[in-house]
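# Structure at a glance
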Amino acid sequence: MSLYPKSANLLIERLAKLPGVGRATAQRLAFFILKSDQKENIALASAIKEIKENISFCSECGIMSESEICHICTDQNRDSNIICVVEEPQDIYSFEKTNSFKGKYHVLGGVLSPLDGIGPDDLNLDSLYKRVMRGMEVILATNPSVEGDTTCLYISKKLEELGVDVTKLARGLPVGSDLEYMDELTLVRAMEGRTSI
Ligand code: ZN
């Protein structure tokens, strides 16, 4: 038997499913919501509903977008001959915050991880191979982890066969760290110091 009334318990259980939110935080959030103005709560609920209704992922690069092709892919001022390959859409925002990368992006949607049953077919690789052309540069900006490095190696072989100049971010990024949380200066340096594979 739970200590809380049914409705409170339901909300706590739902909140606890969010990444990074444990049961204690879920309880705190539920109490906060209970004490909040109902207008605020309705605004929160409709924002959650609308994000799924209005936003999907760009069919070209995989970033969040309100249109089929995102604002980065359609930007004529960006260099289509350089593609930065990242694991997840949120990594793009880390690079965009640095304001120093003027190429385009491609989201893999994960990394190769045989132990978790994630193989090449589970990543957005075919769409990457279709986008690239001989003479282009592809920067492999996976996270500095064993899975990230394995994925890099796997993709670089195929890209080289396609005549692409493959580079990767400079070393010096702490192993096991996440690009999403890296400070801007470190990211700019990693990008500027990128090396051929
Ligand atoms: Zn796009």
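Residues numbered from 1 in each chain as written. Predicted model: local features only at pLDDT ≥ 70, side-chain atom pairs only at ≥ 80, totals over all residues. Heavy atoms only, no water.

Our focus in this paragraph is unusual backbone geometry. Even without being glycine, asparagine 99 reaches a positive phi, approximately 60°. You can see asparagine 99 is positioned in the loop between helix H4 (89-98) and strand E4 (104-107). (Helix = DSSP H or I, 4+ residues; strand = E, 2+ residues; numbered from the N terminus.)

A few words now on the pattern of salt bridges. By the definition in use, this model includes 3 salt bridges. For glutamate 53, the salt bridge goes to lysine 49, with nearest N and O atoms at 3.3 Å. Linking glutamate 53 with lysine 49, this pair stays in helix H3 (residues 38-54), spanning 4 residues, or about one helical turn. Given the relative accessible area of 52%, lysine 49 is considered exposed. Its salt-bridge partner being glutamate 96, residue arginine 78 comes within 2.9 Å of it at the nearest N-O pair. Of the two residues, arginine 78 is situated in the loop between strand E2 (64-65) and strand E3 (82-86) and glutamate 96 in helix H4; the sequence distance between them amounts to 18 residues. The class for arginine 78 is buried, based on a relative accessible area of 10%. (Salt bridge = Lys/Arg side-chain N within 4 Å of Asp/Glu carboxyl O. Buried < 20%, exposed > 50% of the residue type's maximum accessible area, 1.4 Å probe, protein only.)

Further remarks concern the coordination of the zinc ion. At 2.3 Å from the zinc ion lie its protein donor atoms, namely Cys58 (SG), Cys61 (SG), Cys70 (SG) and Cys73 (SG). Coordination geometry of the zinc ion: the 4 donor atoms subtend angles of 106 to 114° at the metal centre, consistent with an arrangement described as tetrahedral. Spacing between the donor residues of the zinc ion along their common chain follows C-x2-C-x8-C-x2-C. With a gap of 12 residues between them, cysteine 61 in the loop between strand E1 (56-57) and E2 and cysteine 73 in the loop between E2 and E3 connect regions that are remote in the sequence. (Donors = N, O, S within 2.8 Å, 3.2 Å for Na, K, Ca; no water. Tetrahedral: all angles 85-135°; square planar, octahedral: opposite > 155°, others 65-115°.)

Below, the discussion takes up helix H1 (residues 6-16). When we look at burial in H1, the residues that qualify are Asn9, Ile12 and Leu15. Around the axis of H1, the buried residues are gathered within 130° of arc, so they sit on the same side. Of the exposed residues in H1, the ones pointing more than 90 degrees away from its buried face are Lys6, Ser7, Leu10 and Arg14. Looking at the buried residues of H1, the elements they touch are helix H2 (23-35). (Arc of directions from axis to C-beta. Contact = heavy atoms within 4.5 Å.)

A word on the nonpolar core. Counting residues in each nonpolar core, the largest one holds 22 residues, and the members touching the most others are Cys84, Phe95 and Leu169. Secondary structure elements with two or more residues in this core: E3, H4, E4 and helix H7 (184-192). Not counting chain neighbours up to four residues away, the residues in contact with cysteine 84 comprise Phe95, Phe101, Lys104, Tyr105, His106, Ile139, Ala141 and Met191. Listed in part, the 17 residues of the second largest apolar core include Leu123, Met136, Leu140 and Val166. (Core = buried A, V, L, I, M, F, W, Y, C linked by side-chain atoms within 4.5 Å.)

With respect to the helices and strands, asparagine 9 occurs in helix H1. A residue is classified by how much of its surface remains accessible, and asparagine 9, at 15% relative accessible area, is buried. In this structure, asparagine 9 is in contact with Ser2, Tyr4 and Arg23, ignoring residues within four places of it in sequence.

As a general point, the strands of a sheet are linked pairwise by backbone hydrogen bonds and lie either parallel or antiparallel. Taken together, the 5 strands give an open sheet; going across it, the order is E4-E3-E5-E6-E7, and neighbouring strands pair in mixed fashion. If you trace the sheet from one side to the other, it starts and ends with E4 and strand E7 (195-196), each paired once. Inspection of the sheet shows E3 paired to strand E5 (residues 137-140) by 4 bridges, in the parallel sense. Bridging across to E5, isoleucine 83 finds its partner in valine 138. Sitting on the sheet, H4 is in contact with E3 and E4, with an inclination near 155° to E4. (Pairing = 2+ DSSP bridges. Axes fitted to C-alpha atoms, helices over the stretch in contact; angles between N-to-C directions.)

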